[in-house]
Every structure is written in C-alpha cells, then in structure tokens.
Amino acid sequence: MGIRFIILGVWREKNRLIQFNGDLLDRMFEVPVEPWDVSDFNKVVEKGSDLLNIKFSPELIDEIVRSAFDSIGVVQELLKSVCLKSGIYGVRTLLTNVNDIDILNEAKKEKVQAYQARHLRALEAIAEGRKTTNNPKSDDPKEMPLYLPFYTVKVILSSDFEEVIRGIKRSSLESKIKEIHHRPADVRAGDMSNLLYNFAKLQSEKSISPPIFDYDKTTQTIRVIDSTFYFFLRNVNNNEIMEQIIDPTKRE
C-alpha cells in the first residue's frame, strides 16, 4: 500500500517516546510485546523441543520460567545451557527426555556468573559517577562531594527485591539515601533532580549498553530496564556485591 513503518524497541512504560519528543503525539501507535505470559513461554519451549525431538519435564519448564522474571532471553539462554549440559547438540534420533533439575541449577550458576561480570562492572561505573576535580583534601565529611551515584547504587542493592521490580520511587530513594549519607542535610531536591534526570546520560558516558536503569519523570520512578539484571539480583549476595564497589567516602 506504499505505507512506511518505523519500528523501535523502547522502554516498557507507555508514551516514553512522546515524553522525549512531544511532536510524536497522535503520530505513532504503540504495540507492546510484553508482558510474556506463561503460555507464551510454553509455546517457545514446545516449538524448540519439537525441532530437536526432545521433551522437557513440566517441573523443569516451570523452574526456568520462574527464574527468568518474564525475560524470554533468559528463558532461551537457560534452555540452551540445559541442552548443552545434557549432551544435546542437535536433532535427536530418538525422543529424549530432559528432566534433571541439578543440570538446571548448574546452568543457572553459570548464567549468574556471566551476568555478574557485566552487571558488576556497570554498577561500579555508575557508583563512580562523573569525574570531578572537587576531591576532598581531608577525611572530613563536610569537605567531601555528595557522591549521589554511589549512594543510589547502594540503595538499589539494599532494597527489597519486590520494590526493585515495581520501581523505586524518587521520594523513597531520597529518604533512604539520607539515612546512610555522610552529609544528609546537604542532599537537596535539586541534587536529586540533577542525578535522576541525567541517570541515562551517566550510563551512556560509562558505555553501559544496553542501560540497566531509567528514570521516568512522569511517575518519578527509577526502574530496571534490563531484565537480565533481575536474574542477576535474585541470584547473588547483594552484600558481597556491594563490598566489591569502592566506597568514595573512605580514603586509603
């Protein structure tokens, strides 16, 4: 019909493109591909199983889907790892049953390690913030910068997992930062706005691609937009991860 379509993959929240460019109002139509239902995941498993002539047990499929936090990418990666660890490298001559939960647990551990390498580097880069010449000349907290990116990472890692999934509200983030900050009285609304409004830019400057977090000004919520981060966060010791991130307020 001579009609051209431009298809973009963006954040889950509605009207995100319009927030960045108001001219797009009434000129675009959103087609959400999420959330994935359990039935959608089962269709993916069924199609791949039929092609390989294998059969996953219902218990194995349920555990994989439950562990993936609605990410089809994580589901596919776990399925692939389970197949390889089960010695399945191609189409099987005879129907092969795959039902070893221990193999799945090994696959999950390997996937956590793979994601940890990437996400830990990203968290370290975010916590470092932008380079500044305003370095403290002493250990006096009053002379130190605010280091808000570091405290933001600290709050995210210490927050309840369900809250991270829902998204952390700005008011909650600011309150939690003040509870642990070395200069709580100096953390002002303007400082938080500068931090959050430039959070995407900070990740871009740190070459974190795809970005892990995004701040939605409309709902005043910081959200995880990389679904692999949920899998990582659920399967690691947050305290151990935090210990690996340099605390800028502690000078050697």
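Predicted model, so just to flag it, every value in this text is computed and none were measured.

Side note on the packing of helix α6 (residues 148-158) against helix α9 (residues 189-197)
Thought 1: In the contact formed by α6 and α9, the axes pass within 11 Å of each other and the chain directions differ by 75°. In terms of their interaxial angle, α6 and α9 are classed as roughly perpendicular. Across the interface between the two elements, Leu 148, Pro 149 and Thr 152 from α6 touch Asp 191, Met 192 and Leu 195 from α9.
Thought 2: Partitioning the contact of α6 with α9 into residue classes produces four nonpolar, one polar and one charged.

Some points on the pairing of strand β5 (residues 221-224)
Thought 1: The alternating pattern of β5 places Thr 221 and Arg 223 and Ile 222 and Val 224 on opposite faces, both of which are buried.
Thought 2: Bridge analysis of strand β3 (residues 168-169) against β5 gives two bridges, and the strand direction is antiparallel. Bridging from a neighbouring strand, Ile 168 pairs with Ile 222 of β5.
Thought 3: Bridge count for strand β4 (residues 213-216) against β5 is four bridges, and the pairing is antiparallel. The residue bridging Asp 216 from the neighbouring strand is Thr 221, located in β5.

Considerations on the packing of aromatic side chains
Thought 1: Tallied over the full model, the rule gives nine aromatic pairs.
Thought 2: Summarising the aromatic geometry, the rings of Phe 150 and Tyr 151 are spaced 5.3 Å apart at their centres and angled 70° between planes, so their arrangement reads as edge-to-face.
Thought 3: Using a relative accessible area of 1% as the deciding quantity, one classes Phe 150 as buried.
Thought 4: We classify Tyr 151 as buried; its relative accessible area is 3%.
Thought 5: Between the aromatic rings of Phe 229 and Phe 232, the centroid separation amounts to 5.5 Å while the plane-to-plane angle is 45°, which identifies the pairing as tilted. With Phe 229 and Phe 232 both in helix α11 (residues 228-234) and three residues apart, the pair spans about one turn of that helix. Across the pair, exposure class does not vary: Phe 229 and Phe 232 are buried alike.
Thought 6: By way of ring pairs, the aromatic residues Phe 199, Phe 213, Phe 229 and Phe 232 are connected into one cluster.
Thought 7: Residue placement shows Lys 111 over the ring face of Tyr 115; its charged tip is 5.8 Å from the ring centre.

Thresholds, definitions, all that
Residues numbered from 1 in each chain as written. Predicted model: local features only at pLDDT ≥ 70, side-chain atom pairs only at ≥ 80, totals over all residues. Heavy atoms only, no water. Axes fitted to C-alpha atoms, helices over the stretch in contact; angles between N-to-C directions. Helix = DSSP H or I, 4+ residues; strand = E, 2+ residues; numbered from the N terminus. Parallel < 35°, antiparallel > 145°, perpendicular 65-115°, else oblique. Contact = heavy atoms within 4.5 Å. Nonpolar A, V, L, I, M, F, W, Y, C, P; charged D, E, K, R; others polar. Buried < 20%, exposed > 50% of the residue type's maximum accessible area, 1.4 Å probe, protein only. Pairing = 2+ DSSP bridges. Phe/Tyr/Trp six-rings, centres within 6.5 Å; stacked < 30°, edge-to-face > 60°. Lys NZ or Arg CZ within 6 Å of the ring centre and 35° of its normal.

Everything listed here is a matter of geometry and, on its own, says nothing about what the molecule does.
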